[in-house]
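Next come the chains, spelled out residue by residue.
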Amino acid sequence: MNHTIEITDFQMDALREHLNIGMGVAAGTLNQMLNTRVKLQVPEIKVVPVKTWLTDNVKGGESPMSSVNMAFRGNVSGSSSVVFDQDSAARLVKLLVPESEISTLELNSITEATLSEVGNIIINAVMGSLANLCHFSLKFHPPFYSIVTLRDAVLNQNFAEQSEESIVIIGDTYFNVEQEKILGRILIVFLISQLKDLLNTWSEQAA
Amino acid sequence: MNSDSKNFQWFDCLPHGYCVIDADWHFVFWNATLERWSHIERSQILGRKLTEVFEVFKQTRYKTRITQALQSGAPTVFSSLIHKHLMPFPLDNDKHQIHQYYVTGIVTEAGERFAIITVEDVTGTTELLHNYRNICSQLRFEEQQAKDLAKAKEQFFAYMSHEIRTLLNGIIGSASLLQQADLKENDREFVSTIVGSGDALLKIIHSILDYTKLEAGALDIHEESFDLRLLVDEVVLLFAENARRKNILLSNVVDQLIPSRLAGDSLRIRQVLSNLLSNAIKFTEKGEVQLRVSRVSDESGSHLLRFDVVDTGPGIPEHAKVQLFQPFKQLVRDRATGTGLGLAISRNLARLMGGDCGVESSLGHGSVFWFSCRVQWEPVANYPLRPVYDQTQVSILTKDTLLLTRLRDILILRGVQSVEWADSVEALANMTQGLCIITEDFFASLSKLAGQALLKKLRESRTSVLLVGMQVHNAHESETFVSTYQLPLRQASFYRTLELVTAPLFGQTTPSLPAPAHDKDVQQSSLHILVADDNLLNQKVITTMLKRLGHQCDVVSTGRAAVQACQAYDYDLVFMDCWMPDLDGIEATSRIRGFSSVTIIALTANATPDEQQRCFEAGMNDFMSKPIKMDLLSDIVARHLPAKKVAC
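Residues numbered from 1 in each chain as written. Chains lettered and ligands numbered in written order. Predicted model: local features only at pLDDT ≥ 70, side-chain atom pairs only at ≥ 80, totals over all residues. Heavy atoms only, no water.

Quick look at the overall build of chain A now. Counting secondary structure elements, chain A contains 6 helices and 8 strands. The order of helices and strands in chain A, counted from the N terminus, is α-β-β-α-β-β-α-α-β-β-α-β-β-α. Each of the 207 residues in chain A was classed as buried or not, and the buried ones make up 57%. Summarising the internal contacts of chain A: among those between residues at least 6 apart in sequence, 74% fall at separations of at least 24. As displayed, chain A has an accessible area near 9,100 Å², and 49% of this comes from carbon and sulfur atoms. (Helix = DSSP H or I, 4+ residues; strand = E, 2+ residues; numbered from the N terminus. Buried < 20%, exposed > 50% of the residue type's maximum accessible area, 1.4 Å probe, protein only. Contact = heavy atoms within 4.5 Å. Areas by Shrake-Rupley, 256 points an atom, 1.4 Å probe, with all protein chains shown as cover.)

Structure, rendered in structure tokens:
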């Protein structure tokens, strides 16, 4: 199995564009939901084989993160996560739901559900955008909230058996809410072979 | 129930609420849990549209996401914090259940699309978390408050310690030097009071710094023999100037049945009395403050004394009394110059001494702050109970009825009868030979000629005169038959004065003073000493003492100047204040150690073990706590005499 992949600038731009389209949809939904001006951006993305990423991040990525994960199956299989560090997670919930009155130390099942909803909206929108574009059919598992390290978020248990052959799309995600910018990350893990098919689909469409 | 409904009947077995809508949003299933929660029976809801039963779903934000869930099958979460009551199911307490919703789209084999709505009741969890959060917030608030308070106290104590010790150094040092000068008897008494009071104050400051120990119940009571009447006099004298400034009559009276020699913690009694008197004078604008000491009860070999501080101040409203004994509380902020600890400390100390502390007061009728404590009667030297002036007729010339009352009270306790006159002519015509007490206000009301005539006639009739007032000191020193007594009216002191005045008056001389205590120290070899201290009064005190010990002093006011001086001269000793502007003593010492091994002795008003440690770590050789005492200074200089000087 070839565990490497070459992505052209065009494909990279297309991937970033589709992620941002999905983010735009997610932002619209959040705006409607919360009556709050929310802007979501994914200015930069990296596409890295999971194995490489794990090697490069042997000592990094050990801080506990709030993660909302949704596994998906269909034409492509993998999982998608939205992760925040604990402080950012608390700030985000506080900004989105001011009456929640939480602090970093008070993430609990209720506020975790709020984060789950936010992650759910983003993942549904982003993955829906990708699926629509590629005419893929995806079935999602319900969102799953957990506190994990970034390494574990990448090396998702649902997908562990295939991690050697997987690739991760990592996008820094900026939430602009009420003049405040909060950094999160979206992680989408695919099988490399499936990403190749996906990229080929775009190339064909472009051609 | 239609056929669709039958397909979902197994949802009846689950504890959560489940309902199913078809692609047109009509209910096709409503499980038993939802029936129980909503009181809507399945038969009433099946076939109706979701938006018809729960209108909130008409909103775009829900329409969009549920439509998406129906079409794509992507699970969709509606969290409780954001949505709460999309399906408002009532509770018994007029509130509604709090829900979390999950909408999942499914497609049957026949290609029909449905959305399963899972309704999770999180009311209990939410309330539990809400309560938990409230408790946590409260605990954090209280913890922070406790930390803030502890920190504020610590800083306050450290600051107060330093400030008070610095000032006391000036007071006690100056007074100690003054004690060695030739003084008249009266002046010597005042200087002794300053030194005695300063020492007592210093001890009290140590106690205040141990306030946390008191709160923790770790403060001990030290029983020792003391003279109650002397103590009471001394405490009252402490407040003479305050009372004089406000023209308040300050006096004390001790029950004749209480012996003078007692065993108890005199320091703590003095501390509590000082606090109560200080408050009383602070809040009294006219009239008087009187300290009364009485015996309450005897029990198992000990005696309960009660000290009443009676004032004619404004009184205290009932609701404010409870706050009085709480630490850091002060009723009148604009006059709140104290620490706010006084009454709390007083009550704790009184209780430690087997008594209590309280207040009796009502608005407009003054206050009585009292405290009680247990003491032991000393077996010897009981106070003489017999009247000693029973044959003496005392005339009192005064216009001050309040002072007259207190004088009469105090005289009668010793069996002295008094006759009062408000008019000098009438008094001269009728008074018999003996003692005549003239109050300051009476004398001031006379013209100069009338005053002189009065004194002349009294001298001719061989009547001893005692002039009593707040500022009578030395006023009539040319008249040798006129004695003076300066208020406050201290019982024991007044009796001593009466004894002196009624004795033959002429020919007495002032007792000679003892030689300075440290003349021997002047024999020490003369050293060249540098004193680094930013406080002018402290500079003056220590240099005067050192010069008196025969040494030569240079003085600087900053740490930087001390370093420069040590570079310029080869000093025998350096006294280094720790807290100085520009460069503190610690830093200055470190720098001096870079080029000199001169003996450096720390001078500090912050006498904590930590401070000592800092001094030694910086390279200082010894440590001297302010206020500076002559004997201690002499000892420490002797201890660090350079070898060459000792050899001389």
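Next, the rest of the story.
Within chain B, the regular secondary structure consists of 24 helices and 22 strands. When the 648 residues of chain B are sorted by exposure, 48% land in the buried category. Sequence-distant contacts in chain B: of pairs separated by 6 or more residues, those separated by 24 or more amount to 66%. Surface exposure of chain B reaches about 31,000 Å², of which carbon and sulfur atoms provide 52%.

Here we come to helix α18 (residues 491-502) of chain B. Residue and element names in this part refer to chain B. End to end, α18 covers 16 Å across 12 residues, agreeing with the expected 16 Å (1.5 Å per residue, within 8%). Looking only at α18, the buried set comprises Gln 491, Ala 492, Ser 493, Phe 494, Tyr 495, Thr 497, Leu 498 and Val 501. The inward-facing, buried residues of α18 abut α9 (228-238), β7 (249-254), α14 (401-412), β15 (435-439), β16 (464-469) and β17 (482-486). (Expected span 1.5 Å × (residues − 1).)

Strand residues, when the strand is regular, have side chains that alternate between the two faces of the sheet. Residues and elements named next belong to chain A. Across the 5 residues of strand β2 (residues 45-49), 4 count as buried, placing the element largely inside the fold. For β2 and strand β7 (residues 166-177), the ladder comprises 5 bridges, and the chain directions are antiparallel. The partner of Pro 49 across the bridge, within β7, is Ile 167. (Pairing = 2+ DSSP bridges.)

What follows is about the nonpolar core. Side chains that are nonpolar tend, in soluble globular proteins, to be buried together. By size, the foremost hydrophobic cluster in this structure holds 81 residues, and its most contacted members are Ile 122 and Ile 188 of chain A together with Phe 27, Trp 30, Leu 50, Phe 54 and Met 87 of chain B. The element contributing the most residues to this core is helix α4 (residues 109-134) of chain A, with 11 residues. Look past the residues within four positions of Phe 54 of chain B in its chain and what remains in contact with it is Phe 27, Trp 30, Ile 45, Leu 86, Met 87, Pro 88 and Phe 89 of chain B. Counting residues in each nonpolar core, the second largest holds 41 residues, with Ile 269, Leu 277, Ile 281 and Phe 325 of chain B among its members. (Core = buried A, V, L, I, M, F, W, Y, C linked by side-chain atoms within 4.5 Å.)

Let's shift gears to the interface of chain B and chain A. Residue-level contacts link 25 residues of chain B with 27 residues of chain A. Among the residues of chain B in contact with chain A, Pro 75, Leu 81 and Arg 133 of chain B are the three that bury the most area, contributing 30% of the side total. Remark: the boundary between chain B and chain A carries 1 salt bridge. Between Arg 65 of chain B and Glu 117 of chain A there is a salt bridge whose closest N-O contact spans 2.8 Å. In this assembly, chain B and chain A are joined by 7 residue pairs in polar contact (both at pLDDT 80 or more). (Buried area = accessible area lost by both parts, 1.4 Å probe. Salt bridge = Lys/Arg side-chain N within 4 Å of Asp/Glu carboxyl O. Polar contact = N/O pair within 3.5 Å; in protein donor to acceptor, adjacent residues only side chain to side chain.)

Here we come to the sheet that holds strand β18 (residues 528-532) of chain B. Residue and element names in this part refer to chain B. Taken in spatial order, the 5 strands line up as β19-β18-β20-β21-β22 in an open sheet, and their pairing is parallel. The strands lining the two open edges of the sheet, one partner per strand, are β19 (552-556) and β22 (622-625). Each neighbouring strand pair of the sheet contributes to a mean axis angle of 20°, computed without reference to strand direction. The pairing of strand β20 (residues 573-577) with strand β21 (residues 599-604) spans 5 bridges and is parallel. Within β21, the position partnered with Phe 575 by the bridge is Ile 601. In the packing of helix α21 (residues 585-592) onto the sheet, the strands contacted are β20 and β21, and the crossing angle to β20 comes to about 150°. (Axes fitted to C-alpha atoms, helices over the stretch in contact; angles between N-to-C directions.)

Taken together, the side chains of Leu 167, Ile 171 and Ile 194 of chain B present a nonpolar region at the surface, about 270 Å² in accessible area. Structurally, the position occupied by Ile 171 of chain B is in helix α6 (residues 123-179). (Patch = residues over 30% accessible without salt bridge, like charges linked within 9 Å, V, L, I, M, F, W, Y side chains within 5 Å.)

All names here are of chain B. Mapped onto the elements, Lys 95 comes out in the loop between β3 (76-78) and β4 (99-107). Residues Lys 95 and Thr 123, spaced 28 residues apart in sequence, show a C-alpha to C-alpha distance of 10.0 Å. Setting aside its immediate chain neighbours within four residues, Lys 95 contacts Phe 89 and Pro 90.

Residues and elements named next belong to chain B. Taking strand neighbours across the sheet as the criterion, the 5 strands line up as β14-β13-β15-β16-β17 in an open arrangement whose pairing is parallel. The sheet is open, and its two edges are formed by β14 (417-421) and β17, each paired on a single side. Across this sheet, the average inter-strand angle for adjacent strands is 25°, counted without regard to direction. Note: β16 against β17, 5 bridges, orientation parallel. Looking across to β17, one finds that Leu 467 is bridged to Thr 484.

Two measures define how a pair of helices packs: the angle their axes make with one another and the distance between the axes. Residues and elements named next belong to chain B. Where helix α20 (residues 559-568) contacts α21, the axes come no closer than 8 Å and their chain directions differ by 20°. Classified by the angle between their axes, α20 and α21 sit roughly parallel to one another. Of the two possible hands of crossing, α20 and α21 adopt the one that is right-handed. Contact with α20, carried on its side by Gly 559, Arg 560, Ala 562, Val 563 and Cys 566, involves Ala 588, Arg 591 and Ile 592 of α21 and no other residues of that element. (Parallel < 35°, antiparallel > 145°, perpendicular 65-115°, else oblique. Left-handed = near helix turned anticlockwise from the far one by under 90°.)

So, about unusual backbone geometry. Residue and element names in this part refer to chain B. A cis amide bond links Leu 487 to the next residue, Pro 488, at an omega of 15°. Take Pro 488: it is sitting in the loop between β17 and α18. At His 39, a residue that is not glycine, the phi angle is positive and equals roughly 60°. Within the element layout of this structure, His 39 appears in the loop between α2 (32-38) and α3 (42-45). Taking the relative accessible area as the measure of exposure, His 39 reaches 59% and is therefore exposed. The phi dihedral of Asn 247 is positive, around 55°, even though this residue is not glycine. Among the secondary structure elements, Asn 247 is positioned in the loop between α10 (240-245) and β7. For Asn 247, a relative accessible area of 57% corresponds to the exposed category.

Next up on the list: the packing of aromatic side chains. The tally for this structure, following the rule as stated, stands at 19 aromatic pairs over all chains. Geometrically, the ring pair formed by Phe 57 of chain B and Tyr 62 of chain B is edge-to-face, given 5.8 Å between the ring centres and 65° between the ring planes. The rings of Phe 8, Trp 10, Phe 11, Tyr 18, Phe 29 and Phe 114 of chain B are connected pair by pair, giving a single aromatic cluster. One Lys or Arg, Lys 181 of chain A, reaches over the ring of Tyr 174 of chain A and ends 5.0 Å from the middle of that ring. Positioned above the aromatic ring of Phe 78 of chain B, the side-chain terminus of Arg 65 of chain B is 4.6 Å from the ring centre. (Phe/Tyr/Trp six-rings, centres within 6.5 Å; stacked < 30°, edge-to-face > 60°. Lys NZ or Arg CZ within 6 Å of the ring centre and 35° of its normal.)

Turning our eyes to something else, we now look at helix α13 (residues 342-352) of chain B. Among the residues making up α13 of chain B, those that are buried are Gly 342, Leu 343, Ala 344, Ile 345, Ser 346, Leu 349 and Ala 350 of chain B. Just beyond α13 of chain B, the residue with positive phi is Gly 354 of chain B, at close to 85°.

What follows concerns the confidence of the model for chain B. All names here are of chain B. With 84% of its residues at a pLDDT of 70 or more, chain B has an overall mean of 81. Looking over chain B, one finds the lowest element-wise mean pLDDT in helix α24 (residues 643-647), namely 47, and the highest in β7, namely 95. A low-confidence stretch, residues 333-339 (pLDDT under 50), is modelled with 13 contacts involving residues beyond four sequence positions or located in other chains. A low-confidence stretch, residues 504-523 (pLDDT under 50), is modelled with 23 contacts involving residues beyond four sequence positions or located in other chains. Our summary of model confidence lists the complex with pTM equal to 0.45 and ipTM equal to 0.79. (pLDDT = per-residue confidence, 0-100.)

All right, on to the environment of Ala 561 of chain B then. Residue position: Ala 561 of chain B is located in helix α20. Spatially, the C-alpha atoms of Ala 561 of chain B and Asp 582 of chain B are 9.3 Å apart, while their sequence positions differ by 21 residues.

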